[in-house]
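Here are the chains, one letter per residue:
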Amino acid sequence: MQSFAKALRAAFVAMAAFMAPLAARAAPPPPKPYNIVFVLVDDLRYDAMGFLMPGLKTPNIDFLAKNGTYFPNAVVTSSLCSPSRATILTGQTTRNHHIVDNNNSSEAGLVYFPKYLQDAGYQTAFFGKWHMGADNDSPRPGFDRWVSFKGQGTYLPTDGFTDAEIAAGKRRLLNVDGQPVPQKGYITDELTDYVVDWLDHGRDPAKPFFIYLGHKAVHSEAVPAERHARQYVDLDIKMPESMANTPANNRGKPMWVLNQRNSWHGVDFFYHTDRDLKEYYREYLKTLSAVDDSLGRILADLKRQHLDKNTMVVFYSDNGFLMGEHGLIDKRNAYEPSIRVPMVVYAPGLAPAGVTNPVRFRNLDLAPTFLDVAGVKAPPQFEGKSLLPVLDGKVAPKDWPEDDFVYEYYWEWTYPQTPTTFAIEHGRIKYIQYHGVWDLEELYDLAKDPDEMHNLIDEPAYLETKVDLRKRLFRALANREGSHSVPYTGRYSEGVVWRNENGPGAADFPSRWLKAPDRPDRMNGVYPDSPEKAAADNAGEAFRPQPKEGPR
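What you see is a predicted model, and the numbers here were worked out from it, not measured in a lab. (Residues numbered from 1 in each chain as written. Predicted model: local features only at pLDDT ≥ 70, side-chain atom pairs only at ≥ 80, totals over all residues. Heavy atoms only, no water.)

1. Focus: helix 3 (residues 81-90)
With respect to burial, helix 3 is a largely interior element, 10 of its 10 residues being buried. For helix 3, the full list of buried residues reads C81, S82, P83, S84, R85, A86, T87, I88, L89 and T90. Once helix 3 finishes, G91 follows within two positions and takes phi at roughly 70°, a positive value. (Buried < 20%, exposed > 50% of the residue type's maximum accessible area, 1.4 Å probe, protein only. Helix = DSSP H or I, 4+ residues; strand = E, 2+ residues; numbered from the N terminus.)

2. Quick look at the environment of P33
Within the secondary structure layout, P33 lies in the loop between helix 1 (2-26) and strand 1 (35-41). Expressed as a C-alpha distance, the spacing of P33 and V390, which sit 357 residues apart in the sequence, is 19 Å. Apart from the residues within four sequence positions on either side, P33 is in contact with Y122, P208 and N310. (Contact = heavy atoms within 4.5 Å.)

3. As for the nonpolar core
Of all hydrophobic cores here, the largest spans 59 residues; its most connected members are F127, Y284, L285 and F315. Considering each element in turn, this core owes the most residues, 12 residues, to helix 10 (residues 277-304). In contact with F127, other than residues within four places in its own chain, are R145, V147, L191, Y194, V195, W198, I211, Y212, L213 and G214. Counting residues in each nonpolar core, the second largest holds 48 residues, with L117, V345, L350 and L387 among its members. (Core = buried A, V, L, I, M, F, W, Y, C linked by side-chain atoms within 4.5 Å.)

4. Points about the pattern of salt bridges
Per the stated rule, a full pass over the model turns up 42 salt bridges. Note that R304 is salt-bridged to D301, the shortest N-O span being 2.8 Å. Of this pair, R304 and D301 both sit in helix 10, separated by 3 residues, roughly a single helical turn. The network of salt bridges with common partners includes D43, D330, K331, R332 and E412. (Salt bridge = Lys/Arg side-chain N within 4 Å of Asp/Glu carboxyl O.)

5. Brief notes about the side chain of Q417
With respect to the element layout, Q417 can be found in the loop between strand 15 (405-409) and strand 16 (420-426). Beyond its immediate stretch of four places on either side in the chain, Q417 contacts W256, Q260, S263, W264, H265 and V496.

6. Quick notes on the packing of helix 2 (residues 59-67) against helix 10
Look at helix 2 against helix 10: their axes get within 7 Å of each other, and the N-to-C directions meet at 55°. Viewed along their axes, helix 2 and helix 10 adopt a mutual orientation that is oblique. Seen from helix 2, the contacting residues are P59, N60, I61, F63 and L64; seen from helix 10, they are L288, D292, D293, L295, G296 and L299. Of the residues that constitute the contact of helix 2 with helix 10, the class distribution is 7 nonpolar, 2 polar and 2 charged. (Axes fitted to C-alpha atoms, helices over the stretch in contact; angles between N-to-C directions. Parallel < 35°, antiparallel > 145°, perpendicular 65-115°, else oblique. Nonpolar A, V, L, I, M, F, W, Y, C, P; charged D, E, K, R; others polar.)

7. Some words on unusual backbone geometry
Residue A217 is joined to V218 through a cis peptide bond whose omega torsion reads 10°. Secondary-structure assignment places V218 in the loop between strand 8 (209-214) and helix 8 (247-250). Omega for the bond connecting S220 with E221 falls within 30 degrees of zero, at -20°, which places this linkage in the cis form. Tracing the sequence through the fold places E221 in the loop between strand 8 and helix 8. Although it is not a glycine, Y232 adopts a positive phi angle of roughly 65°. Relative to the assigned elements, Y232 resides in the loop between strand 8 and helix 8. The backbone of Y271 sits at a positive phi, close to 55°, despite the residue not being glycine.

8. Describing the packing of aromatic side chains
The full count for this structure, using the stated rule, is 35 aromatic pairs. Arranged with centres 5.2 Å apart and planes meeting at 75°, the rings of F126 and W130 form a pair that is edge-to-face. A relative accessible area of 0% places F126 in the buried class. Between F270 and Y271 the ring centres are 5.6 Å apart and the planes differ by 65°, which places this aromatic pair in the edge-to-face class. On the basis of relative accessible area, F270 is assigned to the buried category, the value being 1%. Looking at Y271, the relative accessible area reads 7%, which means it is buried. Taken together, the ring pairs connect F38, Y112, F113, F126, W130, F143, W146, F210, Y212, Y316 and F370 into an aromatic cluster. Positioned above the aromatic ring of F161 is the side chain of R172, whose terminal nitrogen or guanidinium carbon lies 4.2 Å from the ring centre. The lysine or arginine in question, R340, covers the ring of Y46, its NZ or CZ lying 4.0 Å from the ring centre. (Phe/Tyr/Trp six-rings, centres within 6.5 Å; stacked < 30°, edge-to-face > 60°. Lys NZ or Arg CZ within 6 Å of the ring centre and 35° of its normal.)

9. A short note on the packing of helix 7 (residues 187-202) against helix 10
One can describe the packing of helix 7 onto helix 10 by two numbers: an axis separation of 9 Å at closest approach and a directional angle of 10°. What the angle tells us is that helix 7 and helix 10 run roughly parallel. Of the residues in helix 10, those touching helix 7 at T188, D189, T192, D193, V195, V196, L199 and D200 are A290, V291, S294, R297, I298, D301, L302 and R304. A class-by-class count of the residues in the contact of helix 7 with helix 10 yields 7 nonpolar, 3 polar and 6 charged.

See below:
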């Protein structure tokens, strides 16, 4: 019996040894980390995508939306190139990363999230517009591959040169891994050439990759590729109703808004030209076409290399853009077309296809989301949160907790038309205040008034809401040290300050501010708003808050 048991055990051992290689071969391989391609467009409006705008042709952006997830409530916490890009890269708000404007801000001490991807085994590559901090195109830490240019860059390699300089062979330069290389052609196409070349020949196929493609397009002055120069001749461009300079449109708007109409960033003197804004809009949309072509080339290359099923592609903009709303162009302010941006996420197996996800996605949330997709823990200085759980469907949008949305913009002396702006959105009510100017606050019920036409700041029914939002905003704007400050950079000129000599003059102060002298209520404005104070204001009586009783 013992000999039989011994033989049986030996048979089992032999069978296990025989089956082990088969089991190992049959075991599924561990899932590969997702590759990530982040495409950042400059100054693109939230609605400038073909599936949203009739007549606009963006087949590759539309492909992402049809086969991925569209986020209609994507926003930026600061609507200006450098501050927004710094927020994307650092996962921090402007008050903490201190890249406050497009001038010479220091990047000292900042860590960019691709560094954490590098440490986790990703290959990382940057192509395009850095435009953050100093006018410096040198390679930054966190990237294995680097192709960039100084400042805004140019659409064409000879832009800004005289005929003699062009004849002498002078060209704009790219910084390619620290070496100056002449720009050869249209910048959108050339950046895409570099991306595709790196995908085909430059990367290590054994490693996951992260690509950051920062287009110059569609920044002013928008210049389309030659192949798109005759596009959209018959496109019906509808300008916003709020563009008209009428008492109804201007009612409740701050003076700075009315004054900005006749400025570099206003419809009456935009870019200090007499161009037609509708025609400029056409050029802007034509310039987007090359971006869409670029996206198509990258998608085709991913598919050719069998990478399309394991790569996340995110299409985004550094800020929004007004095209006539409230008589303004540009961004910077806290109005909806300024803070809202386009966002589409394509990631087979991760982002569900054909879905519109209503959750608010801030530029502050991009870095933690990218790290989460890569399986990398977010560092403690990140202020946003990963939206991967609500992106991949583990959490339903209705169950996703959202913080108040807080916005900050710091006055930039080069373009002084827009003041320092702080805003908060809570429960679809947006409150806006301005720093350092003598002007109106604003309050909008976005559920009822999405175009922000009716300023409710003095409506009695919203008094308690106004008081609450002021407090919420002040608390939220504390920096990491718990203090409140307004950062700024050095000034070296008066800035772009011209006004059209034939345009509208300066705005009047609000009529309700015009009072007779020696009124008994002349000091009421220094005391906190309350129902009691409002009653005194309405009666024209002096108001003095009663001291709170102390403990007995």
